[in-house]
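Architecture at a glance
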Amino acid sequence: MLRGIDVSAYQSSSYGTDGLSFVFVKATEGRSYVNPKLAAQTKRARDAGLVAGFYHFLWPGHVTAQAEYFVSKAPDRAGDILAVDWETTGDGTHASNAEKDRFIRKVRDLRPGNRVVLYCNRHFWLNMDTTSFAGDGLWIADYVSAGKPRIKAKWRFHQYTDDPLDKNVADFGSRAALREWAENA
């Protein structure tokens, strides 16, 4: 399995890249937030030759506007992966299952040249999701052994710890295989 991390404004723009094949960078949240480190964190990934992904933290409501905001701020390069982060917001709410599905479909319509995946934790996948729609792949958070999330669904990425930062594995045989999948959206 391939190793990767995900970063946001909470992490340095000079994060370590040794041994990594991919990185997901937080791009946006809602309809007004942009990660102030987006450009620098993206440059770090690209300079290291990593497959880059960008994610949007989804809030309930205004799904089309959020999708448009996300694609207007996330780098636009073939082979990048786009993701929706579907979880509980800071005020204790969350987008509905239907809103999550609409967001993924809208982002796919707006960026047909990019893979679009769903990020959620095991609880959301097992208890909130009713459609099993994850776009082009599921990125599941379950803090257990790397590559062994406790779900039956096919997954592409697994976030297995957040200590000391979010670490992930990808279910691809090589970085070239991941890049080929990402580039053939």
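Refer to the preceding data block for the structure.
Residues numbered from 1 in each chain as written. Predicted model: local features only at pLDDT ≥ 70, side-chain atom pairs only at ≥ 80, totals over all residues. Heavy atoms only, no water.

Right, let's get into the overall build of the protein. When you go through the protein residue by residue, the secondary structure sums to five helices and nine strands. For the protein, the N- to C-terminal ordering of α and β elements is β-β-β-α-β-α-β-α-β-α-β-β-β-α. Relative to a compact globule of 185 residues, whose C-alpha radius of gyration would be 16 Å, the protein shows 15 Å and is just as compact. The principal-axis extents of the C-alpha atoms in the protein amount to approximately 40 × 35 × 30 Å. Expressed as a percentage of the 185 residues in the protein, the buried residues total 50%. Taking the intrachain contacts of the protein between residues at least 6 apart in sequence as the baseline, contacts between residues at least 24 apart amount to 61%. (Helix = DSSP H or I, 4+ residues; strand = E, 2+ residues; numbered from the N terminus. Rg over C-alpha atoms; globule rule 2.2 N^0.38 Å. Buried < 20%, exposed > 50% of the residue type's maximum accessible area, 1.4 Å probe, protein only. Contact = heavy atoms within 4.5 Å.)

Moving on, we get to the environment of His94. Inspection of the secondary structure assignment puts His94 in the loop between strand E5 (81–85) and helix H3 (97–110). Exposure remark for His94: the relative accessible area of 30% places this residue in the partly exposed category. Taking C-alpha positions, His94 is 7.8 Å from Leu58, a pair spaced 36 residues apart along the chain. Residues contacting His94, with those up to four places away along its chain left out, are Pro60, Glu87, Thr88, Phe124 and Met128.

Membership of the largest hydrophobic core comes to 38 residues, with the highest contact counts inside it found for Phe54, Phe70, Leu118 and Leu138. When residues no more than four places from it in sequence are discounted, the contact partners of Phe70 are Ala27, Thr28, Phe54, Tyr55, His56, Leu82, Ala83, Phe103 and Val107. Tyr55, Ile81, Val117 and Ala170 belong to the second-largest nonpolar core, a separate cluster that totals 17 residues. (Core = buried A, V, L, I, M, F, W, Y, C linked by side-chain atoms within 4.5 Å.)

Here the focus is the side chain of Asp129. Among the secondary structure elements, Asp129 is positioned in the loop between helix H4 (122–128) and strand E7 (138–141). By relative accessible area, which is 11% here, Asp129 ends up buried. At 2.5 Å, the side chain of Asp129 forms a polar contact with the backbone nitrogen of Ser132. (Polar contact = N/O pair within 3.5 Å; in protein donor to acceptor, adjacent residues only side chain to side chain.)

Next up on the list: the packing of aromatic side chains. Across all of its chains, the model carries 11 aromatic pairs by this definition. Judged by centre distance (6.0 Å) and plane angle (75 degrees), the rings of Phe22 and Phe24 are edge-to-face. Side by side, Phe22 and Phe24 carry an identical accessibility label, which is buried. Through pairs of rings, three or more aromatic residues link up here, namely Phe22, Phe24, Tyr55, Tyr119, Trp139, Phe157, Phe172 and Trp181. Looking at Arg105, its charged tip hangs above the ring of Phe133, at a distance of 4.1 Å from the centre. (Phe/Tyr/Trp six-rings, centres within 6.5 Å; stacked < 30°, edge-to-face > 60°. Lys NZ or Arg CZ within 6 Å of the ring centre and 35° of its normal.)

Summed over the entire model, instances satisfying the criterion amount to 10 salt bridges. Notably, a salt bridge pairs Asp101 with Lys100, separated by 2.7 Å at the nearest N-O pair. Of the two residues, Asp101 and Lys100, neither departs from the other in class, the shared state being buried. Residues joined in a network through salt bridges with shared partners are Lys100, Asp101 and Asp129. (Salt bridge = Lys/Arg side-chain N within 4 Å of Asp/Glu carboxyl O.)

Taken as a whole, the largest pocket encloses approximately 320 Å³ of empty space. Those elements that provide at least two residues to the lining of the largest pocket are strand E1 (2–7), strand E2 (22–29) and strand E4 (51–57). Classifying every residue of the lining of the largest pocket by side-chain character gives eight nonpolar, five polar and seven charged. (1 Å grid on protein atoms, 1.4 Å probe; cavity = no way out; pocket = protein on both sides within 12 Å on 5 of 7 lines; lining within 4 Å. Points joined across faces, edges and corners; volume = space filled by probe spheres on them. Nonpolar A, V, L, I, M, F, W, Y, C, P; charged D, E, K, R; others polar.)

Now for unusual backbone geometry. Note: most residues except glycine have negative phi, and most peptide bonds are trans. Pro164 follows Asp163 through a cis peptide bond whose omega is 5 degrees. Tracing the backbone shows Pro164 in the loop between strand E8 (157–161) and strand E9 (166–170). You will see that His62, though not glycine, has its phi angle at about 50 degrees, which is positive. For His62, the position within the fold is in the loop between E4 and helix H2 (63–73). Note on His62: relative accessible area 51%, which makes it exposed. Despite not being glycine, Ser132 shows a phi value in the positive range, around 60 degrees. Here Ser132 lies in the loop between H4 and E7.

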